[in-house]
Amino acid sequence: MKASDVTVVGAGPVGLLLACELALQGVRTTVLERLTTQADTIKAHMISGRTYEMLAMRGLGPAIDAASDEEAARLAWPVRGSTGHFAGLFRLDGLPLVMLTQQGLERILEARALDLGVRIRRGVEVTDLDLGSEFVVGCDGGRSTVRKLAGFDFPGSGPTLTGYQAIADVDGDLPRGWHRTPSGVFASGPLRGRIMLIDFAGPPADREVTRESLEAALRRVSGHDVRITNVHTATVWTDNTRQATTYRRGGVLLAGDAAHVHSPFGGQGLNLGLQDALNLGWKLATGDSDLIDTYTSERHPVAERVLRNTMAQVALTRPDPQSRELHALFADLLDLPDVRTKVSAMVQGTDIRYETGCDHPLAGTFVPGLDLADGKGTSVVLDGLEAVIRPDGYLSRIG
Ligand SMILES: Cc1cc2nc3c(=O)[nH]c(=O)nc-3n(C[C@H](O)[C@H](O)[C@H](O)COP(=O)(O)OP(=O)(O)OC[C@H]3O[C@@H](n4cnc5c(N)ncnc54)[C@H](O)[C@@H]3O)c2cc1C
């Protein structure tokens, strides 16, 4: 029996994409968002090549390309070319990243959701779960109220460092790129005015960033005698690393940061959450409880691996002499093609393979280049064999 109606809590990128997916399957979908307008805090500013392929499969490629080109012209940054990094080692290969701010992506997804008939109610903060829907999905971020109200366990490890990301006007010269220093890391660019700092002195005492606190951290971590004259947007982040033990409790589900949090090393969180939404939408729409449970069994191990690799990146980036040696050794290892290919595929999520019971090497993998804009699966001929493709583009059966 099809799911009749779903309430999605949170109009971040994950909630908006999930709402699009549900509406595409004909499910009456409402999104509740506490903010009255879109947040302008700087967070992600790129999506992985695999996420781009998945969104392009739904017909969003031209809108993403246009927004990415417009931002590149306005913000003076490269559109494509980078393949990302591991612990600051910019030597991955594989699919290029697509530069697009999280806000730019959210605008595209919100417009698509409204086109598909999703009701988006802003200025509504969810404080209990009695929402009258068959299913409620918490896409309400790392401090998820839905997760707490529904009693999900969220084990993991607490923060050990303080990260900053900001767009600011700096008086003085800062070298561009990613730099390791005696107390951490500072990076500037590729976005005009973007500063990223990692201070390993401990977790944040305060989540508020002021011009003064940002300037002090920048001078301390970078060692450069510069002044910050204006802060346009700033956020503090940590390496808090936690994951819900299951993504479903009855009619309540979690997706995106509500289900897993970790440091932004390697730029993986947004991609992970968007791919949660693409995995969950069509399954939830069927209302088939066993199929819906495969959302946890398929996506939990994927996020678990991201949590582990981000913790490894934190350890490699620490400024103590032993970690520096480990980083240098890891840099040498990354020059080995097999190691580089493995690490690149892990960070970019291109090696994800779901269990299908079929041992053909393509079974359970994503098939790029298909047009599944209608949200339905399809069948194609691969290797001379008939392959059945799920609505999220993964191959479920071959031969
Ligand atoms: C500094 C930084 C840099 C990052 N860089 C990258 C990167 O380069 N690449 C990458 O892939 N990821 C990156 N990430 C991670 C990425 O930003 C997150 O993974 C992403 O925002 C998760 O999206 P989400 O929709 O799950 O949650 P969010 O974006 O947090 O959205 C949750 C929404 O729910 C709303 N909400 C919360 N509680 C309620 C409530 N009770 N009722 C109603 N609404 C509610 C919030 O207002 C919000 O709009 C970065 C994160 C940070 C902090």
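Cut-offs applied
- Residues numbered from 1 in each chain as written.
- Predicted model: local features only at pLDDT ≥ 70, side-chain atom pairs only at ≥ 80, totals over all residues.
- Pairing = 2+ DSSP bridges.
- Helix = DSSP H or I, 4+ residues; strand = E, 2+ residues; numbered from the N terminus.
- Axes fitted to C-alpha atoms, helices over the stretch in contact; angles between N-to-C directions.
- Near = placed C-beta within 6 Å.
- Nonpolar A, V, L, I, M, F, W, Y, C, P; charged D, E, K, R; others polar.
- Expected span 1.5 Å × (residues − 1).
- Bend = angle between axes of the 7 residues up to and from the residue.
- Buried ≥ 20, exposed ≤ 12 C-beta atoms within 10 Å, placed from the backbone.
- Contact = placed C-beta atoms within 7 Å.
- Core = buried A, V, L, I, M, F, W, Y, C linked by C-beta atoms within 7 Å.
- Domains from an automatic or database assignment.
- Parallel < 35°, antiparallel > 145°, perpendicular 65-115°, else oblique.

**Points about the sheet that holds strand β17 (residues 378-382)**
At step 1: If you walk across this open sheet you meet the three strands as β17-β18-β19, and the pairing is antiparallel. Edge positions in the open sheet fall to β17 and β19 (395-398), since each of these has one partner strand only. Direction aside, neighbouring strands of the sheet carry axes that sit 30° apart on average.

**What about the site of the ligand?**
At step 1: Close to the ligand lie 34 residues, the nearest being G10, G12, G141, G256 and G269.
At step 2: Mapped by element, the contributors of at least two residues to the shell around the ligand are α1 (13-24), β2 (28-33), β12 (227-237) and α7 (269-286).
At step 3: Per-element tally for the shell around the ligand: the top contributor is α7, with four residues.
At step 4: Its residues assigned to classes, the shell around the ligand shows 13 nonpolar, 15 polar and six charged.

**Remarks on helix α8 (residues 289-317)**
At step 1: Taking 1.5 Å of rise per residue, 29 residues should cover 42 Å, and α8 covers 43 Å from first to last C-alpha, within 8% of that figure.
At step 2: For α8, the principal kink sits at R299 and spans about 30°; a proline, P301, occurs within the next four residues.
At step 3: Taken together, the buried positions of α8 are occupied by I292, Y295, E298, R299, A303, V306, L307, T310, Q313, V314, L316 and T317.

**Observations regarding the sheet that holds strand β13 (residues 241-243)**
At step 1: Pairing is antiparallel in the open sheet, where three strands are placed in the order β7-β13-β16. Strands with a single pairing partner mark the edges of an open sheet, and in this sheet they are β7 (156-157) and β16 (260-261).
At step 2: Of the strand pairs in this sheet, β7 and β13 are connected by two bridges, and their pairing is antiparallel. Across the sheet, the residue bridging to G156 is R242, located in β13.

**Notes on the environment of Q102**
At step 1: Inspection of the secondary structure assignment puts Q102 in helix α4 (residues 102-115).
At step 2: The class for Q102 is partly exposed, based on 19 C-beta atoms found within 10 Å.
At step 3: Along the primary structure Q102 and D293 are separated by 191 residues, whereas in three dimensions their C-alpha atoms are 29 Å apart.
At step 4: Those residues in contact with Q102, other than ones at most four positions away along the chain, are P13, K43, A44, H45 and L270.

**As for the nonpolar core**
At step 1: Counting residues in each nonpolar core, the largest one holds 63 residues, and the members touching the most others are L18, A19, V137, L254 and A255.
At step 2: Residue contacts for V137: discarding those within four places in its chain leaves V6, V8, V9, L18, L253 and A255.
At step 3: Among the nonpolar cores identified, the runner-up in size contains 29 residues, and A166, A187, A217 and V343 belong to it.

**Quick look at the domain arrangement of the protein**
At step 1: Each domain of the protein was delimited in the assignment, giving domain 1 (5-156 + 241-313), domain 2 (162-237) and domain 3 (355-399).
At step 2: Look at where the C-alpha atoms of domain 1 and domain 3 centre, and you get two points 23 Å apart.
At step 3: If you look at the interface, domain 1 gives twelve residues, while domain 3 gives ten residues.
At step 4: Elements with a minimum of two residues in the side of domain 1 that touches domain 3: α1, α2 (49-57) and α7.
At step 5: The element best represented in the side of domain 1 that touches domain 3 is α2, accounting for four residues.
At step 6: Classifying every residue of the side of domain 1 that touches domain 3 gives five nonpolar, three polar and four charged.

**Section: the pairing of β19**
At step 1: Taken together, the three bridges between strand β18 (residues 385-389) and β19 define a ladder with antiparallel strand orientation. Across the sheet, A387 pairs through a bridge with I398, a residue of β19.
At step 2: The antiparallel hairpin formed by β18 and β19 contains five residues in its connecting segment, where G393 sits at a positive phi of about 90°.

**Considerations on the packing of α7 against α8**
At step 1: Axis separation between α7 and α8 bottoms out at 9 Å; the angle between their running directions is 170°. Between α7 and α8, the interaxial angle falls into the category roughly antiparallel. Touching L272, D276, N279, L280, K283, L284 and T286 of α7 are L291, I292, T294, Y295, E298, R299, V302, A303 and V306, all from α8.

**Describing unusual backbone geometry**
At step 1: Look at the link from G189 to P190: it is a cis peptide, with omega at -5°.
At step 2: The phi dihedral of A87 is positive, around 55°, even though this residue is not glycine.
At step 3: Looking at the element boundaries, A87 is found in the loop between α3 (61-75) and β4 (98-99).
At step 4: A tally of 25 C-beta atoms within 10 Å means that A87 is categorised as buried.
At step 5: Unusually for a residue other than glycine, D383 sits at a positive phi of about 55°.
At step 6: Positionally, D383 belongs in the loop between β17 and β18.
At step 7: Residue classification places D383 among the exposed residues on the basis of 10 C-beta atoms within 10 Å.

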